Amino acid sequence: MDKIITIIKSVPIFSGLEDDDIDALLRIAVHRRYGRGELIFSDGDAADGFYVVADGKIKIFKMSFDGKEQILHIFGPGEPFGEVPVFSGESFPANAQAIAASRLIFFSRKDFIALITEKPSLALNMLAVLSMRLRRFTVQIEHLSLKEVPERLAAYLMYLAREQESEDHVRLEIAKGQLASLLGTIPETLSRIFAKMSADGLIEVNGPDIRLCDREGLAILAGMDLDEA
């Protein structure tokens, strides 16, 4: 129980809540477990609630008519997903699947809306998180539409460095095939770009561990200022 409370307190939409508010959330929380590869919801399903990742990893993805997968987001512990359609009253606009054995906390739409009616501070937190999500999605669309794959990969590595609070080393927490889908390319192309960036002295790859040998060069390739990176 203590771990669940810690996870809930770490979720941005629940930040700054009093203990009584956390207790109220715990009363409506439902725990669900999913095995690797198990589908959580499908594109078009009724959005009857949203989820918070307690353990594991979840990918949000769309499938094209010809069967090509495009990963939109990957969420890990402490991150909510599925909240946008819940509050717009629409169906889920994409698929969600566990890419590792995962434990999720589920909040039903009915119970959560009743709760935020009593506690408006939750709604304000939710707006802040949704605004941040919109900004991230806008950046992702810009990368996919305006940047070539090497630029996208360089930008993603710089993003990981910020997320993992590391100057010169990152660890890929998803398979390279999933990374290819996230960047809008195919695994073979991604492998060639990794090899080219290694040969150019930008990075050094050792399985999932990547050393950023030339951070300034990566920032230039990504089209970013070094201060921004």
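Residues numbered from 1 in each chain as written. Predicted model: local features only at pLDDT ≥ 70, side-chain atom pairs only at ≥ 80, totals over all residues. Heavy atoms only, no water.

**Student:** What is the right way to read the pairing of strand 7 (residues 95-98) from this model?
**Tutor:** Of the two faces of strand 7, both are covered, the one formed by Asn95 and Gln97 as well as the one formed by Ala96 and Ala98. Of the strand pairs in this sheet, strand 2 (residues 39-41) and strand 7 are connected by two bridges, and their pairing is antiparallel. Paired with Phe41 across the bridge in strand 7 is Ala96. As defined by bridge partners, strand 4 (residues 58-63) adjoins strand 7 across four bridges and the pair is classed as antiparallel. Bridge pairing in strand 7 places Lys59 opposite Gln97. (Buried < 20%, exposed > 50% of the residue type's maximum accessible area, 1.4 Å probe, protein only. Helix = DSSP H or I, 4+ residues; strand = E, 2+ residues; numbered from the N terminus. Pairing = 2+ DSSP bridges.)

**Student:** How should I be thinking about helix 2 (residues 19-28) in this particular structure?
**Tutor:** Quick reminder: α-helices carry 3.6 residues per turn. Residues three or four places apart thus point the same way. Regarding helix 2, the residues found buried are Asp21, Ile22, Ala24, Leu25 and Ile28. Looking straight down helix 2, one finds its buried side chains confined to an arc of 155 degrees; they lie on one side. Of the residues in helix 2, the exposed ones pointing more than 90 degrees away from the buried face are Asp19, Asp20 and Arg27. (Arc of directions from axis to C-beta.)

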